[in-house]
Amino acid sequence: MLHAFADAGQWRAGHLTEAESAALARPAVARPAAPPPLDGLDRSLLERLGEDARQSHAVLAAAVGAPESTVRRRLHRLDEAGLLRTHATVDPRLLGLAVDANLWLDVPPGRLAEVGTALARHPWVHGVFATSGPTNLLATVFCPDHGELYRFLTDTLGPLGVARAETTITARAVKRAGVLLRPPSRRAQPGGGLRASGCGP
């Protein structure tokens, strides 16, 4: 990967109004130049939050064997340092997007920035990256079905002047937005299609 125009953490499917998106957003926290070192307790907390970020301080404290006040202070420190962020991982099928595809694109170098920026704004595109190798742009998309994927190739990519597109369809995803999609452990409570996840650095 040479450049990221958009990644999965920035994906917006277009189902919320601007006001709803603004209400859910939180101010960006600048990462420090030298982030504080993480010890075993920090990593244990991040691991458990990665499974389910909805756990209370009391539940986390019992899981890691530390006082609740210590857990609260650690999480506040990590959050204030910009090392902890919380996001919701939504199964795209719940939004009517049943097909997950990677599009390996050959774009004229002079148009790479223009095409990458345009694709990053599309509500079906959840990642756009300039890459090295036989193709120079990767777009990852969610589509309602194969027919709509075909129309995306012809109606969206065609006018952008993409010279060649190689399409691969993902049969099963095991990781999205930096979160490993694994069955809940004994510590985590089974969830539905919407899952809150904590991500460390």
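Above this text sits the structure in question.
Now for a look at the structure at hand. As the structure is a computational prediction, the values presented were derived from the model and not from experiment. The residue count restarts for each chain, going from 1 along the sequence in the order it is written. Residues qualify for local features only when their pLDDT is at least 70, as the model is predicted, and side-chain atom pairs are given and counted only at 80 or more; totals for whole chains, interfaces and linings, by contrast, use all residues. To obtain the side-chain values, all non-hydrogen atoms of the structure were used and water was disregarded.

### Considering the packing of helix H2 (residues 40–51) against helix H3 (residues 57–64)
Then, in step 1: Note on geometry: axes are lines fitted to C-alpha atoms, helical ones only across the stretch in contact, with angles between N-to-C directions running from 0 to 180 degrees. Each helix is a run of DSSP H or I of at least 4 residues and each strand a run of E of at least 2, with the numbering of both proceeding from the N terminus. Where H2 contacts H3, the two axes come as close as 10 Å, and the packing angle between them is 125°. Accordingly, the angle class assigned to the pair H2 and H3 is oblique. Seen from above, H2 lies across H3 with right-handed handedness. Residues Leu41, Ser44, Leu45, Arg48 and Leu49 of H2 pack against Leu60, Ala63 and Val64 of H3. Our angle categories are set so that under 35 degrees counts as roughly parallel, over 145 as roughly antiparallel, 65 to 115 as roughly perpendicular, and the remainder as oblique. Should the near helix be turned counterclockwise from the far one by less than a right angle, the crossing is left-handed, whereas a clockwise turn marks it as right-handed. The contact criterion used is simple: two residues touch if any of their non-hydrogen atoms lie within 4.5 Å.

### A look at the pattern of salt bridges
When charged atoms on two side chains of opposite charge get close, those side chains can pair.
Then, in step 1: Salt bridges are counted wherever a side-chain nitrogen of Lys or Arg sits within 4 Å of a carboxyl oxygen of Asp or Glu. Within the structure shown, the criterion is met by eight salt bridges.
Then, in step 2: Asp39 is the salt-bridge partner of Arg74, the closest N and O atoms lying 2.9 Å from each other. Taken together, the positions of Arg74 in helix H4 (residues 68–80) and Asp39 in the loop between helix H1 (18–24) and H2 put the pair 35 residues apart, joining distant regions of the chain.
Then, in step 3: When accessible area is computed with a 1.4 Å probe and restricted to protein chains, residues below 20% of their type maximum are described as buried, those above 50% as exposed, and intermediate ones as partly exposed. For Asp39, a relative accessible area of 33% translates into the label partly exposed.
Then, in step 4: The salt bridge involving Asp42 is made with Arg74; its shortest N-O contact spans 3.0 Å.

### Observations concerning the environment of Pro123
Then, in step 1: Of note, Pro123 is situated in the loop between helix H5 (112–120) and strand E4 (125–130).
Then, in step 2: Residues Pro123 and Arg12, 111 residues apart in the sequence, show an inter-C-alpha distance of 6.0 Å.
Then, in step 3: The contacts of Pro123, once residues within four sequence positions are left out, are Trp11, Arg12, Ala13 and Gly14.

### Overview of the environment of Leu46
Then, in step 1: Its location among the elements puts Leu46 in helix H2.
Then, in step 2: You can call Leu46 buried: its relative accessible area is 13%.
Then, in step 3: Sequence separation between Leu46 and Leu84 is 38 residues; the distance between their C-alpha atoms is 8.1 Å.

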